[in-house]
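Residues per chain, in single letters:
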Amino acid sequence: MKFLIAGLGSIGRRHLRNLKALGESDILLFRTHRATLSDDELAGIPFETDLQHALASKPDAVIVANPTSIHLDVAIPAAKLGCHLLLEKPVSDSLAGLDDLATVARKSGSHILVGFQFHFHPTLQKTVELLQAGAIGRLLSIRAQWGEYLPGWHPWEDYKQGYAARADLGGGAARSLTHPLDYLRWLCGDVQSLWAFTGNLGLGLPVEDTAEIGLRFVNGAIGSVQLNYNQRPAAHHLELIGTEGTLRWDNTDGSLHVFRASSIAQGQDHGGGWEHFLPPAGFDRNTMFLDEMRHFLSVMRGEAEPVCTMEDGKWALRLALAALESDQTGRKIILEKGI
């Protein structure tokens, strides 16, 4: 299979390394030579600087890893040719053009996997399993929090020039840290409405560095997501409270902790009501990306359907944009089912 990688920042290079690790070697790069990383890793790999010339090589798949605001400039022409897409998150900086992408992909047979890699986190997968089994009863409230110090993301570059800090590239905390908005829909179901406050509180950026988002889910649960570019040390965790217990997940070590009220009531508890789950030995952050790429190869071969679809990616972006709209208007945003 032949791959074209568009965008050679840190995530594009991670996908390049993982493709090689999985035995794929027919790889072409689409380069604009604006990447801030050294070219050493790319030495000897063929590249094109014109997208049409790159697509004329007839890749089977295109990995869209360029800045958010220009994702569709690559994705739509590639989908028209029937290329399968690994489309990095967020899928774009606005909803404009997403329906066009979905339409051309249906017509050409292009399959789209959106790059929300936390779908491949083993203890989040375990969380889904436990929720579906009713381990904590009916969901009542949800808390997700993710804060990381933006200047530490890419120490080799001026963080104020990176995509996450620039409005013209689709940056800001609500969109750049959109993973919880995606995985909360996966875990807890659709969102009915939201409100939000955002602010530029710590870094002096032209985009928000902090977002506090309140959510009401279709199933009646309520919750919040807190995102920020300021936090040191970084923190990323989740708490789900149900009628029969609590689930706590921490990305720091991948641990999942489950309290079941039934274990106390039935006299079965030997550890304060808590069960503990850890990722398998050898798991690290890149394991998710490797598993994501393995899944993408299966999607390309027609062996699997994308676990994170274009519709999922569109919803995560819709929630992020709704948060910005809520802050700007001072209103609660009601989310229609059809977007």
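Residues numbered from 1 in each chain as written. Predicted model: local features only at pLDDT ≥ 70, side-chain atom pairs only at ≥ 80, totals over all residues. Heavy atoms only, no water.

1. Some points on the pairing of strand 1 (residues 3–6)
Across a regular strand the side chains alternate sides, sitting on one face of the sheet and then on the other.
Step number 1: Neither face of strand 1 is open: one carries Phe3 and Ile5, the other Leu4 and Ala6, and all of them are buried.
Step number 2: Two strands pair when backbone bridges link them, and strand 1 and strand 2 (residues 27–30) are joined in this way by four bridges, in the parallel orientation. Residue Leu4 lies in a different strand from strand 2, and its bridge partner there is Leu28.
Step number 3: Remark: the strand 1/helix 1 (residues 10–21)/strand 2 crossover connection has right-handed handedness.
Step number 4: Where strand 1 lies against strand 4 (residues 61–64), four bridges are found, and the strand directions are parallel. Residue Leu4 lies in a different strand from strand 4, and its bridge partner there is Val62. (Buried < 20%, exposed > 50% of the residue type's maximum accessible area, 1.4 Å probe, protein only. Helix = DSSP H or I, 4+ residues; strand = E, 2+ residues; numbered from the N terminus. Pairing = 2+ DSSP bridges. Right-handed = clockwise from strand over helix to strand, strands pointing away.)

2. A look at unusual backbone geometry
Step number 1: At the junction of Lys89 and Pro90, the peptide bond is cis and its omega measures out at -20 degrees in the coordinates.
Step number 2: Of note, Pro90 is situated in the loop between strand 5 (84–88) and helix 4 (98–108).
Step number 3: Here the bond from Arg232 into Pro233 is cis, since omega is -5 degrees, no more than 30 degrees from zero.
Step number 4: Looking at the secondary structure, you find Pro233 in the loop between strand 10 (222–228) and strand 11 (235–242).
Step number 5: Residues other than glycine seldom take positive phi values, yet Lys58 does so here, at roughly 60 degrees.
Step number 6: For Lys58, the location among the structural elements is in the loop between helix 2 (51–55) and strand 4.

3. Quick look at the side chain of His84
Step number 1: Topologically, His84 is positioned in strand 5.
Step number 2: Within polar-contact distance, the side chain of His84 engages the backbone nitrogen of His111 at 3.1 Å.
Step number 3: Setting aside residues up to four positions removed in sequence, His84 forms contacts with Asp60, Ala61, Val62, Gly109, Ser110, His111, Phe296 and Met300. (Polar contact = N/O pair within 3.5 Å; in protein donor to acceptor, adjacent residues only side chain to side chain. Contact = heavy atoms within 4.5 Å.)

4. Focus: the sheet that holds strand 5
Step number 1: Taking strand neighbours across the sheet as the criterion, the six strands line up as 3-2-1-4-5-6 in an open arrangement whose pairing is parallel. Sheet topology places strand 3 (47–48) and strand 6 (112–115) at the edges, where each strand pairs with a single neighbour.
Step number 2: Note that strand 4 and strand 5 share four bridges and pair parallel. Residue pairing for strand 5: Ala61 is matched across the bridge by His84.
Step number 3: Of the strands in this sheet, strand 1, strand 2, strand 4 and strand 5 touch helix 1, which is tilted by about 160 degrees from strand 1. (Axes fitted to C-alpha atoms, helices over the stretch in contact; angles between N-to-C directions.)

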